[in-house]
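What the coordinates show
Read off the chains here:
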Amino acid sequence: MQKKKAPWMGWHKNLIILLLLVSTLILVWSTGLFHDIIFPNYAQESYQNTQTNTDTTQGSYPFFIAITTADGMRYGAKYDLTAVRQIYDQFSAILGEALGSAKKTEAVTLVQWEQALSQVGIYFDFLFDLPLSVIADGLGMRQTETSLEHTSRRFCVVQEEGGISLYFLTSANTAYRCQTMGPYDIAQGITEFISNHPQNEITFAFEQPEALPGLDPYFLLSDQTPVYYGLTAMNALRNLEKPEVYFSLFDINSTIVMETKRGDGSSVYREGERELRISPSGEMRFTSHVDTGSNVILHPTEASRIASHIVTNTLEKHAGSALLTLSRLSYDKQTNTYYIEFQYIVNGMLVFLSNGAPAAQITLKGNVLSDVRLFFRSYTASSETMTEAPDYIMAKHALDSESTEGPVLVYEDNFENITARWAKIESIRFYG
Amino acid sequence: MDNEKLKNFFIVLFSIVNVFLLLIVIMDRTESKAAQSKLLANLTEVYAQNDVKINDLSRVPEKKMPVYRVTRNLEKEHAIAYSILGPNLDTQEENGNIQYYRNEVGYGQFHGTGYFEIHFYGDGLEISATPEDTAVDMFSLFGLKTDVSQLEKNQEQTTLSVTASGSFRHTPLFNNTITCLFEGNYLTAISGYRLFDLVEESSGDLPLNLQTVLLRFLSIVTANDSEKQTVENIQQGYMISHKILDTEWMIPVWKITANGKAYYLNGLSGKQESL
């Protein structure tokens, strides 16, 4: 005769199973073994990875930075991302507010500009001439319009009577001064910063006119030996398995797209007037002949945001140790076209591709992407460090040539190996 | 297999998995504790070799200090201005993310850098309590919870300034202070840096542990100071970083006091900070 089981036995076992399951989950969590699987992307949200306002636009970064105290002490940083960031992170919001709130722009003499560089303040050199509104937008400015329509690479935020003033120098060597709405006392912050950092011998070339006659007077010279990391790179498009992830970015309808293979191994995806070509060399090229929207007039900040969106969702995801910085934003009023470029930077040094192309070259007609050329490179910095001659020695060497521009230490990526070289950004000419 | 057998199978399976995981957790924690004790002992020895005196490190509390991202919310900011200046506020937005609030009582300006100042017209705002109690009430409107014993006071001629340092969930904010100015029975101004409004934890930043921070500190203090050093106190806190307008980052910071001097070490980079 079969023994009849008590009816509670069924739910009793269910309860035990449930408790054991919950206990298993808690223990799995406690081991921490699967945190990386549960939070696969969290590095993207971190403070250390946030350079500028990721909600608005791609960053533009200062390459050289210097702070000066009331008694003329100076601390600066070049070719060292950590050191540049440490200063920039402390004063970038003040620069953003100064750019955003600048008023009553007045042209000043170069002597006044030089005086400003020697005053209590912070000097920023972005290396590339960029619209002031675009830099301010990257620093979180809400308004798209500023009273400043200029472009510049060199800025100086100084403490003056009545508050903060902003100075900048245009590529035509015209200096401007503007009042800002900043009521701060930055002198104290600068003094405290310098008290925790040894003063390094960083000067502007104009402060040593006899030592370096003829050199760009506002070139920041350090007598310290630059130390940089070895760098390797690979073609980040080589292992691309799903090109369709980029279709939506370029507004290509994946259901009706036509794929063809070219003799050079590249794949071409065509949908109507849009074409995306992916080359085995690592180049992605998008072209479009769509006219709708080409009459829309964009503000530079809007154009920069569209371009940044493309770069963030393509190159930056595969760039490894590299960041991307805006290096050009120009506007042709006659054709209503923006030309926007980005370059790779690693540890505070620019990476030049030996084919002469920028990392990203984006053409916007109205609000339509008409041409996008992207070079997918993934960089890995090694722990091995190398040194170069201090830049004042290279500056002397550079003076032998026709240009007065100071030389800048950059990486040159020739698609096989990467070497550090001295170059002039203006003409991308290499030395040594 | 019938239902009962299946249930028995799962009970046995989950029990084995539980025992296995429990063993991993226990072993992990035991190893971690032993390693930490060993590290602290080694560290104390390294400090002694470098002629830097440090007390029992095992007594230094080390709590989890995540990085927080704090964003500005204009509605909440308006509510703060309203609660201080009162109704009929005229709001004006200026370029550079600066908000102005005005009414017949006074005016205030709030910046995207966290800085703010509020001024009252005429003699100021008449107070019914002591300046200290009034300051505590005002600070609480900015989310800064403090009591009278923690205030810093400074009397200069007829002006009394009352300052409080910020805190967040019982952890000090080392570079966040708000000051109230009083003239007799009148509050004339409030200014300082406020903590923004919407807090979210950033999960991607990994703060350094105490041992790493102390090693960094040792290299700083031995490089800069030749006199014999004694570490008197170690405290965890936050510093507010404004990389961009309208957003603040709360970065873990270790405040290490040696020979009466306070050193602030960034809990992410280990670098010395100026606050």
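You'll find the structure just up there.
Everything numeric in this text was worked out from a predicted model, so none of it was measured.

A few words now on the overall build of chain B. The helix and strand tally for chain B stands at 4 helices and 16 strands. Along the longest, intermediate and shortest principal axes, the C-alpha atoms of chain B span 80 × 70 × 35 Å. In chain B, which comprises 275 residues, the share counted as buried stands at 49%. Put simply, 59% of the contacts in chain B that link residues at least 6 apart link residues at least 24 apart. Summing over all exposed atoms, chain B offers an accessible surface of approximately 13,800 Å²; the carbon and sulfur share of this is 52%. Each charge sign in chain B was given a centre, from 23 positive and 34 negative side chains, and these centres are 11 Å apart.

Quick look at the packing of helix H3 (residues 81-101) of chain A against helix H6 (residues 186-195) of chain A now. All names here are of chain A. Between H3 and H6, the shortest axis-to-axis distance is 12 Å and the interhelical angle comes to 175°. Accordingly, the angle class assigned to the pair H3 and H6 is roughly antiparallel. Residues Gln86, Ile87, Gln90, Phe91 and Ile94 of H3 touch H6, and the partners they reach there are Ile186, Gly189, Ile190 and Phe193. For the contact of H3 with H6, the residue count by class is 6 nonpolar, 3 polar and no charged.

Our next topic: the interface of chain B and chain A. Across the boundary between the two partners, chain B contributes 51 residues, which contact 53 residues of chain A. If you sort the residues of chain B by the area they bury against chain A, Asn95, Lys243 and Ser274 of chain B come out on top, with a joint share of 16%. Counting across the interface, chain B meets chain A through 4 salt bridges. Put simply, chain B and chain A have 18 residue pairs in polar contact (both at pLDDT 80 or more) between them. For the side of chain B that touches chain A, the secondary-structure elements that each account for two or more residues are helix H1 (3-49), strand E2 (67-71), strand E3 (90-94), strand E4 (98-102), strand E6 (115-120), strand E13 (229-244), strand E14 (247-258) and strand E16 (272-273) of chain B. For the side of chain B that touches chain A, the leading source of residues is H1 of chain B, giving 14 residues.

Further remarks concern the sheet that holds strand E5 (residues 151-160) of chain A. Residues and elements named next belong to chain A. Read across the open sheet, the 7 strands follow the order E2-E1-E4-E5-E6-E7-E3; overall the sheet is antiparallel. A single partner strand is all that each edge strand has here, and the edge strands are strand E2 (74-77) and strand E3 (103-108). Within the sheet, the average angular offset between the axes of one strand and its neighbour, ignoring direction, is 20°. Bridging between E5 and strand E6 (residues 163-169) involves 7 bridges; their strand directions are antiparallel. Looking at E6, one finds that Val158 is bridged to Ser165. Packed on one face of the sheet, H3 meets strand E1 (64-68), E2, E3, strand E4 (121-131), E5, E6 and strand E7 (175-179) and runs near 75° to E4.

What follows covers empty space enclosed by the protein. Residue and element names in this part refer to chain A. Across all of its chains, the model carries 1 cavity of 30 Å³ or more by this definition. As a volume, the largest cavity reaches approximately 90 Å³. For the largest cavity, the lining is made up of 10 residues, of which Tyr61, Pro62, Leu81, Val84 and Arg85 are closest to its centre. Among the elements that take part in the lining of the largest cavity, H3 stands out by supplying 4 residues, more than any other. By residue class, the composition of the lining of the largest cavity is 7 nonpolar, 2 polar and 1 charged.

What follows is about the side chain of Thr24 of chain A. Summarising the element assignment, Thr24 of chain A is placed in helix H1 (residues 8-31). Discounting residues that sit within four places of it in the chain, Thr24 of chain A has contacts with Phe14, Val17, Asn18 and Leu21 of chain B.

Thresholds, definitions, all that
- Residues numbered from 1 in each chain as written.
- Chains lettered and ligands numbered in written order.
- Predicted model: local features only at pLDDT ≥ 70, side-chain atom pairs only at ≥ 80, totals over all residues.
- Heavy atoms only, no water.
- Helix = DSSP H or I, 4+ residues; strand = E, 2+ residues; numbered from the N terminus.
- Buried < 20%, exposed > 50% of the residue type's maximum accessible area, 1.4 Å probe, protein only.
- Contact = heavy atoms within 4.5 Å.
- Areas by Shrake-Rupley, 256 points an atom, 1.4 Å probe, with all protein chains shown as cover.
- Lys, Arg positive; Asp, Glu negative; His and termini not counted.
- Charge placed at Lys NZ, Arg CZ, Asp CG, Glu CD.
- Axes fitted to C-alpha atoms, helices over the stretch in contact; angles between N-to-C directions.
- Parallel < 35°, antiparallel > 145°, perpendicular 65-115°, else oblique.
- Nonpolar A, V, L, I, M, F, W, Y, C, P; charged D, E, K, R; others polar.
- Buried area = accessible area lost by both parts, 1.4 Å probe.
- Salt bridge = Lys/Arg side-chain N within 4 Å of Asp/Glu carboxyl O.
- Polar contact = N/O pair within 3.5 Å; in protein donor to acceptor, adjacent residues only side chain to side chain.
- Pairing = 2+ DSSP bridges.
- 1 Å grid on protein atoms, 1.4 Å probe; cavity = no way out; pocket = protein on both sides within 12 Å on 5 of 7 lines; lining within 4 Å.
- Points joined across faces, edges and corners; volume = space filled by probe spheres on them.

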